[in-house]
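# What the coordinates show
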Amino acid sequence: MYGLVNKAIEDMVRSNYGEETWQEIKQLAQIDLEKFVSMEGYPDDVTHRLVKAASQVLSISPSKIMEAFGAYWVQYTAQEGYGELLDMSGDDLPEFLENLDNLHARVSVSFPKLSPPSFECEEEQENALTLHYHSQREGLAPMVIGLIEGLGERFETEVKIQQTQDRNDGFDHDSFSIEYKDKSAK
Ligand code: 1MF
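To keep things clear, this report deals only with the structure shown in the data block. The model shown is predicted, which means the values in this text are computed figures rather than measured ones. (Residues numbered from 1 in each chain as written. Predicted model: local features only at pLDDT ≥ 70, side-chain atom pairs only at ≥ 80, totals over all residues. Heavy atoms only, no water.)

## Here we look at the sheet that holds strand S3 (residues 157-165)
With antiparallel pairing, four strands are arranged side by side in an open sheet as S1-S2-S4-S3. The open sheet terminates on both sides in strands that have one partner only, identified here as strand S1 (118-125) and S3. On average, each strand axis in the sheet is inclined to that of its neighbour by 25°, with strand direction left out of account. Here strand S2 (residues 128-134) pairs with strand S4 (residues 174-182) via six bridges, running antiparallel. Considered in S4, the bridge of Leu129 is made with Ile178. Along the sheet, helix H7 (residues 141-154) makes contact with S1, S2, S3 and S4, crossing S3 at roughly 160°. (Pairing = 2+ DSSP bridges. Helix = DSSP H or I, 4+ residues; strand = E, 2+ residues; numbered from the N terminus. Axes fitted to C-alpha atoms, helices over the stretch in contact; angles between N-to-C directions. Contact = heavy atoms within 4.5 Å.)

Here it is in structure tokens:
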């Protein structure tokens, strides 16, 4: 994945636990680089090693780390030059989810090494939808849960998420049921 992802993990760990803890995690993950470069591609294994090492050092399960990271990613990219990209992708949660493939298509134009996932929304009720998540990568469903939570924060929307289909159970993609309620709505 692009270095931006690893940089975001680094930033999350640093800002929550400090420099020393980050160095400990980096060492345990056997990352010998001085720093990550946003627009360079890194093997997914680097990201997986970071999550695994962070899990060991912080005594937090890998899936909880991925979930926290998903939420962090929404904030981080908004601050790190992708605010406009996020702004034009929707004014509320369902609209944003509906536009995710367009968002990734826009990024792919400039960064062809992007290997974007694909999201499909199925409206269930006025305030509920099923989100289908197709990815070339495995094991990122907990991150998607965090991403949706992060979008909930972004749009001040209360969200309830449940995974309803799991690739670990042999399905070809993960699915989530999402209930949402605008916090200003009565
Ligand atoms: O292939 C990739 O490197 C890659 C990296 C990040 C593919 C997708 C993503 C974003 N995605 C990560 C989890 C899913 C990965 C997968 O299943 O394969 C999160 C998608 C997402 C979901 C909900 C809400 C917001 C989301 O992301 C918004 C977003 C997506 C991509 C970027 C920024 C914000 C992005 C921008 C530039 C990138 C890489 C990703 O690369 C750079 C960065 C700096 C300089 C040059 C290239």
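## Some details on the pairing of S4
Pairing geometry for S3 and S4, over eight bridges, is antiparallel. Along S4, the bridge assignment pairs Gln162 with Ser177.

## Notes on the nonpolar core
Ile25, Leu50, Leu97, Leu131 and Ile178 are the most contacted members of the largest nonpolar core, which has 50 residues in total. With eight residues, helix H4 (residues 62-87) is the largest single contributor of residues to this core. Both domains that furnish three or more residues to this core are identified here as domain 1 (3-60) and domain 2 (92-182). (Core = buried A, V, L, I, M, F, W, Y, C linked by side-chain atoms within 4.5 Å. Buried < 20%, exposed > 50% of the residue type's maximum accessible area, 1.4 Å probe, protein only. Domains from an automatic or database assignment.)

## Details of the layout of surface pockets
Estimates place the volume of the largest pocket at around 870 Å³. Considering the residues around the largest pocket, the lining is formed by 38 residues, among which Val5, Trp73, His104, Leu114 and Pro117 are closest to the centre. By residue number, the principal contributor to the lining of the largest pocket is H4, which donates seven residues. The residue makeup of the lining of the largest pocket, split by class, is 30 nonpolar, six polar and two charged. Shared between two domains, the lining of the largest pocket takes at least three residues from each, and those domains are domain 1 (3-60) and domain 2 (92-182). (1 Å grid on protein atoms, 1.4 Å probe; cavity = no way out; pocket = protein on both sides within 12 Å on 5 of 7 lines; lining within 4 Å. Points joined across faces, edges and corners; volume = space filled by probe spheres on them. Nonpolar A, V, L, I, M, F, W, Y, C, P; charged D, E, K, R; others polar.)

## Quick word on the packing of helix H1 (residues 3-17) against H4
Here H1 crosses H4 at 105°, and the two axes come no closer than 9 Å. In terms of orientation, H1 lies roughly perpendicular with respect to H4. Judged by residue contacts, Leu4, Val5, Lys7, Ala8, Ile9, Asp11, Met12 and Ser15 of H1 engage Ile65, Ala68, Phe69, Tyr72, Trp73, Tyr76, Thr77 and Tyr82 from H4. For the contact of H1 with H4, the residue count by class is 12 nonpolar, two polar and two charged. (Parallel < 35°, antiparallel > 145°, perpendicular 65-115°, else oblique.)

## Some points on the side chain of Thr47
With respect to the helices and strands, Thr47 occurs in helix H3 (residues 44-58). A relative accessible area of 6% places Thr47 in the buried class. Discounting residues that sit within four places of it in the chain, Thr47 has contacts with Met1, Val5, Asn6 and Ile9.

## Observations regarding the site of the ligand
Inspection of the region around the ligand gives 25 residues, with Met39, Ser115, Tyr133, Ser135 and Arg137 positioned closest. Ser135 has a polar side-chain atom sitting 2.6 Å from an oxygen atom of the ligand. Between the ligand and the protein, one listed contact pairs an oxygen atom with a side-chain N or O atom of Arg137 at 2.6 Å. Coverage of the ligand by the protein chains reaches 97% of its 890 Å² of free accessible surface. Its atoms largely coinciding with the cavity grid, the ligand occupies the largest pocket. Of all the elements in the fold, those that place two or more residues in the shell around the ligand are H1, H4, helix H6 (100-110) and H7. Per-element tally for the shell around the ligand: the top contributor is H6, with four residues. Along the lines of polarity and charge, the residues of the shell around the ligand split into 19 nonpolar, five polar and one charged. (Near = heavy atom within 4 Å. Polar contact = N/O pair within 3.5 Å; in protein donor to acceptor, adjacent residues only side chain to side chain. Areas by Shrake-Rupley, 256 points an atom, 1.4 Å probe, with all protein chains shown as cover. Sits in = over half its atoms within 2 Å of the grid points.)

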